[in-house]
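Secondary and tertiary structure notes
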Amino acid sequence: MPMEDSNGPLKGIRIVELAGIGPAPFAGMMLADHGADIIRIDRPQPSAAFPTDILNRSRRSIILDLKHSEGVEAVRALCRTADGFIEGLRPGVTERLGIGPEVLLSDNPKLVYGRITGWGQTGPLAQAAGHDINYLALCGALHPMGKAGEKPPVPLNLVADFGGGGMMLAFSMLAALLAVRAGRPGQVIDAAMTEGAALLAATFFNPGQLAGLDAPRGRNMLGGGAPFYDTYETRDGEFIAIGAIEPQFYGLLLETTGLAGDPDMEGLQGEPERWSAAKAKLAAVFRRQDRAYWCAKLERSDACFAPVLSRREAPHHPQHLARGSFVEAFGVVQPGPAPRYSESRTRTPALRPPGADGEEILCEAGYSTEQIASLREAGVLL
């Protein structure tokens with residue numbers, strides 16, 4: 001049975017997840033948060049980071065040694081009655097293990113087999129190692145980021161790994177599952193982080209767009225070039241974020257900062273050559289007061305303002321407190337499941353130790369008590 005009685009929108013869907021790192025467990029977390037019963041197949045030596053790994057929350061766990069044929073058969077047995085399977089290994093690895101798409105879909109033609117890699121299952125880079133920064137670089141999303149005359153920055157691995165990777169995999173799993181529900185066969189999903197990151201940047205490929213990827217670094221509006229879309233340091237060494245793109249919002253920002261009427265600051269949205277001087281003036285103004293002062297002046301206004309909060313500060317902000325955006329579970333303060341539903345309830349985050357549900361999971365797959373004991377004795381089930 002699921003680890004929690006949930007009426008989430010994905011209740012009734014069961015997915016087997018081959019334990020991994022990064023985007024694959026993020027996709028599993030998303031699906032589990034929203035009610036799917038995720039069975040994670042952990043390795044005989046689980047990651048030492050497990051006790052506080054948020055990405056592993058809200059699913060059951062079984063430890064199987066896939067070096068044994070009995071372990072491979074157990075995975076096949078689990079997938080025969082599952083709706084989906086998720087893996088994030090290099091192309092060809094699951095085939096060599098004996099649980100590739102051809103095998104699992106022959107066992108269960110309705111199975112949705114989700115695969116996530118950096119470069120995709122095919123192409124000249126398919127077998128090459130890589131990380132978020134490489135995928136961002138190759139798809140054109142990294143090039144316009146940063147300040148004029150400087151190298152592109154090293155961003156956190158949010159865009160390719162989790163947005164273009166894990167989130168795209170979760171979306172595509174649901175799309176394929178809906179197709180199965182409509183009477184179509186199961187299929188294999190080839191999710192590539194490079195392509196997902198490129199898709200997230202689709203709007204910037206629009207010809208002639210001010211914020212387009214063809215704009216020089218430091219002069220594209222959303223990449224750090226505009227004075228009305230940037231971060232600024234305050235007197236106490238903290239930072240604030242300004243996003244006053246629209247003229248009416250920018251006008252309010254100028255009024256609040258006392259810069260309204262300054263010819264260097266007015267009407268510059270479409271004139272990148274004026275941005276550098278305007279940014280210097282805004283920076284000087286914001287450095288005159290502490291962050292708390294600017295919060296009092298600008299928060300809850302249409303000036304498109306927010307303080308730059310640390311991950312320790314963020315959960316305590318009134319907006320997050322009012323909505324319960326962060327929760328504390330298994331001793332860790334973490335982002336709660338999102339988004340919200342009017343009728344369904346997302347799952348309360350919880351963390352099960354690796355292997356905690358092995359016997360229960362195998363019983364559901366039709367294994368007898370004697371068979372389970374035999375697997376334990378042989379070191380297949382740990």
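Before reading further, recall that the structure is shown in the block above.
Residues numbered from 1 in each chain as written. Predicted model: local features only at pLDDT ≥ 70, side-chain atom pairs only at ≥ 80, totals over all residues. Heavy atoms only, no water.

This brings us to the overall build of the protein. In terms of regular secondary structure, the protein is built from 13 helices and 11 strands. Judged by the C-alpha coordinates and their principal axes, the protein covers about 80 × 45 × 40 Å. Looking at the protein as a whole, 46% of its 382 residues qualify as buried. The long-range fraction of contacts in the protein, counting pairs at least 24 apart against all pairs at least 6 apart in sequence, stands at 64%. Split by element, the accessible area of the protein, about 18,900 Å² in all, is 56% carbon and sulfur. Of the charged side chains in the protein, 37 are positive and 44 negative, and the gap between their average positions amounts to 1 Å. (Helix = DSSP H or I, 4+ residues; strand = E, 2+ residues; numbered from the N terminus. Buried < 20%, exposed > 50% of the residue type's maximum accessible area, 1.4 Å probe, protein only. Contact = heavy atoms within 4.5 Å. Areas by Shrake-Rupley, 256 points an atom, 1.4 Å probe, with all protein chains shown as cover. Lys, Arg positive; Asp, Glu negative; His and termini not counted. Charge placed at Lys NZ, Arg CZ, Asp CG, Glu CD.)

Our next topic: the pairing of strand β8 (residues 239-243). Pairing geometry for strand β7 (residues 229-233) and β8, over five bridges, is antiparallel. Bridged to Tyr229 within β8 is Gly243. Counted between consecutive antiparallel strands, the loop separating β7 from β8 contains five residues, among which Gly237 sits at a positive phi close to 85°. In the sheet, β8 pairs with strand β9 (residues 305-307) via three bridges, with the strands oriented antiparallel. (Pairing = 2+ DSSP bridges.)

With that settled, consider the nonpolar core. Among the nonpolar cores identified, the biggest contains 35 residues, and Ile15, Leu31, Ile86, Val112, Leu169, Met173 and Ile189 are the most heavily contacted of them. Breaking this core down by element, the ones donating at least two residues are α1 (23-33), β5 (112-117), α5 (132-139), α6 (158-181), β6 (187-192) and α7 (193-200). Residue contributions to this core peak at eight residues, all from α6. Excluding residues that lie within four positions of it along the chain, Ile189 makes contacts with Val112, Tyr113, Gly114, Arg115, Leu169, Ser172, Met173 and Ala176. Ile39, Ile41, Leu105 and Ile361 belong to the second largest nonpolar core, which has 27 residues in total. (Core = buried A, V, L, I, M, F, W, Y, C linked by side-chain atoms within 4.5 Å.)

Along helix α10 (residues 291-298), the residues that are buried comprise Arg291, Trp294, Cys295 and Leu298. Seen end-on, α10 carries its buried residues on one side only, within an arc spanning 105°. α10 presents Ala292 and Ala296 as exposed residues on the side facing more than 90 degrees away from its buried surface. Following α10 by one or two positions, Arg300 adopts a phi angle in the positive range, close to 70°. (Arc of directions from axis to C-beta.)

Here we take up the pairing of β5. Here β5 lies mainly inside the structure; six of its six residues are buried. Along β5, one buried face is formed by Val112, Gly114 and Ile116 and the opposite face, lined by Tyr113, Arg115 and Thr117, is buried too. Bridge count between strand β4 (residues 84-87) and β5: four bridges; the pairing is parallel. Note that in β5 the partner of Glu87 across the bridge is Arg115. Relative to β6, β5 runs parallel, the two being bridged by six bridges.

Counting across every chain of the model gives eight aromatic pairs. Centroid distance Phe228 to Tyr250: 5.8 Å. Interplanar angle 65°. Geometry classified as edge-to-face. Of the two residues, Phe228 is situated in the loop between α7 and β7 and Tyr250 in helix α8 (residues 247-257); the sequence distance between them amounts to 22 residues. Neither residue differs from the other here; Phe228 and Tyr250 are each classed as buried. Among the aromatic residues, ring-to-ring pairing joins Tyr232, Phe286, Tyr293 and Trp294 into one connected group. (Phe/Tyr/Trp six-rings, centres within 6.5 Å; stacked < 30°, edge-to-face > 60°.)

This brings us to the packing of α5 against α7. Interaxial distance between α5 and α7 falls to 8 Å at its minimum, and their mutual angle equals 55°. Between α5 and α7, the interaxial angle falls into the category oblique. For the pair α5 and α7, the crossing hand works out as right-handed. Between α5 and α7, the contacting residues are Tyr135, Leu136, Leu138 and Cys139 on the first element and Met193, Thr194, Ala197 and Ala198 on the second. Classifying every residue of the contact of α5 with α7 by side-chain character gives seven nonpolar, one polar and no charged. (Axes fitted to C-alpha atoms, helices over the stretch in contact; angles between N-to-C directions. Parallel < 35°, antiparallel > 145°, perpendicular 65-115°, else oblique. Left-handed = near helix turned anticlockwise from the far one by under 90°. Nonpolar A, V, L, I, M, F, W, Y, C, P; charged D, E, K, R; others polar.)

Hydrogen bonding along the main chain pairs the strands of a sheet, whether they run parallel or antiparallel. Pairing within the open sheet is antiparallel, and its three strands lie in the order β7-β8-β9. Each end of this open sheet is capped by a strand with a single partner; those strands are β7 and β9. The sheet shows a mean angle of 20° between the axes of neighbouring strands, taken without regard to direction.

The subject of this paragraph is the sheet that holds strand β2 (residues 37-42). Strand order in the open sheet formed by six strands is β3-β2-β1-β4-β5-β6, with parallel pairing between adjacent strands. What marks the edges here is a single partner per strand, and that holds for β3 (60-63) and β6. Shown here is a sheet whose adjacent strand axes are inclined to one another by a mean of 20°, direction ignored. Strands β1 (14-18), β2, β4 and β5 of the sheet are contacted by α1, whose axis makes an angle of about 160° with β1.

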